[in-house]
Amino acid sequence: MLTPEEWEALRLSLRIAGAATFWGLIAATAFAWLLARVRFPGRFLLDALLHAPLILPPVVIGFVLLILFGTQGPIGRWLDEVWGIRLAFTAAGASLAAGVSAFPLMLRAVRLSIEGVDPRLEEAARSLGAGPWDRAFTIVLPLALPGLVAAAVVGFAAALGEFGAVITFAANIPGETQTLPLAIYAALQVPGGEGAAARLSGISFAAALAGLLLSELLLRIGRRRAGR
Amino acid sequence: MRVRARHRLGDFRLDVAFTGPEDGITMLFGPSGAGKSATLAIVAGLVRADEAVVAVGNHVLTDTAARIAVPAERRRIGIVHQDARLFPHLSVERNLTYGWRRAPKAVPGERRIERDAVIEVLAIGHLLDRRPLDLSGGERQRVAIGRALLSQPDLLLLDEPVSALDEARRGEVLSFIAALKRFGLPMLYVTHREDEVRLLGDHLVRIEAGRVVAEGTPAALLPGGLVTGEAVAPGLVRIGSETIAVPGLDAPVGAVVRVSW
């Protein structure tokens, strides 16, 4: 039904979106915590900066990433020289681009769920001898779990569909950075490629649907565990 | 227990000093807005006062002059609030043992509050597998008390622990609190109800408008005498428009009784 190249695009898409969601969710949780619980000067500015990918054209996100993480960019050169990590035009770079684009959506969902946890419960845990990390992992994050799951699903869907930032920063390399949307785009560039584009679009649709169903399932488990 | 605190909160000025026995219940008694809960928050380490000294036993927990401020999570002070604040995602059993599992390891010869004794005294054994949301108000409050006790506190703070309950539950939970005296730890109890002071108090600190206006035994500070009332439920007597708790009273409902007040 699918050509080996198309299978490769699907496999790559899932891997890239998975990595983008995993790292993005960790970063989103850390920043959501900072914004929801800590008062510091410049908080408003940081908030705006973190939400920038939501309103920037994706191609601009890709371009900014090239400037920062390209082999000649300040962070990119450091990563290359010290750690031997190259991001531009690699699968890891595609994950970064997809993750940055999806980040504001995850941040928002995580922040709302953290702010939804009653601070008096945390105060109670504190008087029972739980320090800050202890309280985070035993009270706040378990109670915010439905929100974290929602954030992961939204983030995964957004990362799976990201086109502009990925193609700008990581290019369209089959087997390395060519995710489903990029493969669809490439198919449409060739005469008679509509059939392949339609098949790949169908897969995208199926993947999105599977993600939604999985999230619903996880959400139910999370709710039951939270006693709601 | 030794407390001295000065604190400004907007227009409100708190300036209190009192001591309490190391064994028994100290009642912080006064009208709402007198500064009782603010005092409790300073003792618990949840509010940093402008000037304060808080000592429990031999431990100095706050001394602003000496720059001592033990963080709340290391004070070993248990708190029971008006609302139980049980963790909704944990079973009653996991709630009970939350502080217990985090308490320092037992030192030989040290007084230890045992899990089974707490469960028995508070009669919560049948609730262990339940979720907090399935409990009644009185049951939740008993679990909250047990949870605080099991964290092996050096001091137990009770902030209006029965004022969110209806009259029948109130009397019930009050008699459970009276039974806590057997654990032999100091308690600081905030209330605006005189009957709770008479029922539970070993020591009374009366607070009005941010100041201590009287300190001593409840018997000496509250006018006494016999009053006539009507029994409305086991352990509850209505006098005029007020209902007071008289634990152990077993007169039939509707009977006219005379109680010392």
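No experiment lies behind these values; they were computed from the predicted model shown.

The rules behind the values
Residues numbered from 1 in each chain as written. Chains lettered and ligands numbered in written order. Predicted model: local features only at pLDDT ≥ 70, side-chain atom pairs only at ≥ 80, totals over all residues. Heavy atoms only, no water. Helix = DSSP H or I, 4+ residues; strand = E, 2+ residues; numbered from the N terminus. Rg over C-alpha atoms; globule rule 2.2 N^0.38 Å. Buried < 20%, exposed > 50% of the residue type's maximum accessible area, 1.4 Å probe, protein only. Contact = heavy atoms within 4.5 Å. Areas by Shrake-Rupley, 256 points an atom, 1.4 Å probe, with all protein chains shown as cover. Lys, Arg positive; Asp, Glu negative; His and termini not counted. Charge placed at Lys NZ, Arg CZ, Asp CG, Glu CD. Buried area = accessible area lost by both parts, 1.4 Å probe. Salt bridge = Lys/Arg side-chain N within 4 Å of Asp/Glu carboxyl O. Polar contact = N/O pair within 3.5 Å; in protein donor to acceptor, adjacent residues only side chain to side chain. Phe/Tyr/Trp six-rings, centres within 6.5 Å; stacked < 30°, edge-to-face > 60°. Lys NZ or Arg CZ within 6 Å of the ring centre and 35° of its normal. UniProt positions renumbered as here; feature names shortened; annotations may be inferred. Core = buried A, V, L, I, M, F, W, Y, C linked by side-chain atoms within 4.5 Å.

Enquirer: When you look at the overall build of chain B in this model, what are you seeing that I'm missing?
Expert: When helices and strands are tallied, chain B shows seven helices and 15 strands. Scaling as 2.2 N^0.38, a compact globule of 261 residues should have a C-alpha radius of gyration of about 18 Å, and chain B matches this with 19 Å. Dimensions along the principal axes, computed over C-alpha positions, put chain B at roughly 60 × 45 × 35 Å. Taking all 261 residues of chain B together, 51% fall into the buried category. Considering only contacts within chain B whose residues lie at least 6 apart along the sequence, 65% involve residues at least 24 apart. Accessible surface computed for chain B: about 11700 Å², of which carbon and sulfur atoms make up 50%.

Enquirer: Looking at this model, I keep getting lost on the overall build of chain A. Mind explaining?
Expert: On a plain count of helices and strands, chain A comes out with eleven helices and zero strands. The secondary structure elements of chain A, listed N-terminal to C-terminal, are α-α-α-α-α-α-α-α-α-α-α. Each principal axis of the C-alpha atoms in chain A carries an extent, and together these give about 70 × 40 × 30 Å. Per-residue burial for chain A yields a buried fraction of 44% across its 228 residues. In chain A, once contacts between residues fewer than 6 apart in sequence are set aside, the share between residues at least 24 apart is 69%. Carbon and sulfur atoms make up 71% of the accessible area of chain A, which amounts to about 11900 Å² in all. Chain A carries 18 positive and 15 negative side-chain charges, and their two centres are separated by 9 Å.

Enquirer: So what exactly am I meant to see when it comes to the interface of chain B and chain A here?
Expert: It is common to give the size of an interface as the accessible area lost on bringing the parts into contact. Taken together, the contact pairs 21 residues of chain B with 21 residues of chain A. Between chain B and chain A the total buried area reaches about 1900 Å² when both faces are included, carbon and sulfur atoms providing 58% of it. Broken down residue by residue, the surface that chain B buries against chain A is led by Glu73(B), Arg85(B) and His89(B), which jointly contribute 34%. Where chain B packs against chain A, one counts four salt bridges. Between Asp83(B) and Arg120(A) there is a salt bridge, with the nearest N and O atoms lying 2.8 Å from each other. Run the count over chain B and chain A and you get six residue pairs in polar contact (both at pLDDT 80 or more). Among the secondary structure elements, those contributing two or more residues to the side of chain B that touches chain A are strand 7 (77-80), helix 2 (92-102) and helix 4 (137-150) of chain B. The biggest single contributor to the side of chain B that touches chain A is helix 2 of chain B, with three residues.

Enquirer: Looking at this structure, I do not really get the side chain of Arg147(B). What am I missing?
Expert: By the secondary structure assignment, Arg147(B) is in helix 4. Although Arg147(B) is buried, it forms no salt bridge, and the closest oppositely charged side chain is Asp83(B) at an N-O distance of 9.0 Å. With sequence-adjacent residues up to four places away left out, Arg147(B) is seen in contact with Ala124(A), Leu128(A), Ala84(B), Arg85(B), Leu86(B), Phe87(B), Asn95(B) and Leu96(B).

Enquirer: In this structure, what is going on with the packing of aromatic side chains? I would like to understand it.
Expert: When we look at a pair of aromatic rings, we describe it by the centre distance and by the angle of the planes. Throughout the structure, instances matching the rule amount to six aromatic pairs over all chains. Between Phe163(A) and Tyr185(A) the ring centres are 5.2 Å apart and the planes differ by 65°, which places this aromatic pair in the edge-to-face class. Of this pair, Phe163(A) sits in the loop between helix 8 (145-161) and helix 9 (164-170) while Tyr185(A) sits in helix 10 (residues 180-189); the two residues are 22 residues apart in sequence, bridging distant segments of the chain. Sitting over the ring of Tyr98(B), Arg102(B) keeps its end group 3.7 Å from the ring centre. Lying over the aromatic face of Phe183(B), Arg182(B) brings its terminal NZ or CZ to 5.4 Å of the ring centre.

Enquirer: Just checking my understanding: could you explain the UniProt feature "transmembrane region" (unreviewed entry) in chain A for this structure?
Expert: Residues annotated by UniProt as "transmembrane region" (unreviewed entry) correspond here to residues 12-36, 48-71, 83-107, 136-160 and 200-219 of chain A. Helix makes up 100% of residues 200-219 of chain A and strand makes up 0%, while its end C-alpha atoms are separated by 28 Å.

Enquirer: Would you mind showing me how to read the nonpolar core here?
Expert: Looking at soluble globular proteins, one finds that nonpolar side chains tend to be buried together. One finds Leu149(B), Leu156(B), Ile177(B), Leu180(B), Phe183(B) and Tyr189(B) to be the most contacted residues of the largest nonpolar core, which totals 43 residues. Looking at this core, the elements with two or more residues in it are strand 3 (24-29), helix 2, helix 3 (115-121), helix 4, strand 8 (155-159), helix 5 (167-179), strand 9 (186-191) and helix 6 (194-200) of chain B. By residue number, the principal contributor to this core is helix 4 of chain B, which donates six residues. If sequence neighbours within four positions are ignored, Leu180(B) has contacts with Val121(B), Leu122(B), Ile145(B), Leu149(B), Leu156(B) and Met187(B). With 28 residues, the next largest nonpolar core counts Phe103(A), Val117(A), Leu121(A) and Tyr98(B) among its residues.

Enquirer: Which parts of the structure should I look at to understand the pattern of salt bridges?
Expert: Oppositely charged side chains can form a pair if their charged atoms are brought close together. Tallied over the full model, the rule gives 27 salt bridges over all chains. Across the pair Asp15(B) and Arg6(B) runs a salt bridge whose closest N-O atoms are separated by 3.6 Å. Its salt-bridge partner being Arg170(B), residue Glu167(B) comes within 3.4 Å of it at the nearest N-O pair. Highlighted residues: Glu167(B) and Arg170(B), both in helix 5, separated by three residues, approximately one helical turn. Classification of Glu167(B) by relative accessible area gives partly exposed; the value is 30%. A single network of salt bridges, built from pairs that share partners, joins Asp118(A), Arg120(A), Glu123(A), Asp83(B) and Arg85(B).

Enquirer: Help me understand unusual backbone geometry, please; the structure alone is not making it clear to me.
Expert: Leaving glycine aside, a negative phi is the common case for residues, and trans is the common case for peptide bonds. All names here are of chain B. Phi at Arg85 takes a positive value of approximately 55°, unusual for a residue other than glycine. As for its placement among the helices and strands, Arg85 is situated in the loop between strand 7 and helix 2. Judged by relative accessible area, which is 14%, Arg85 ranks as buried. Of note in the backbone geometry, Ala209 takes a positive phi value of approximately 45° without being a glycine.

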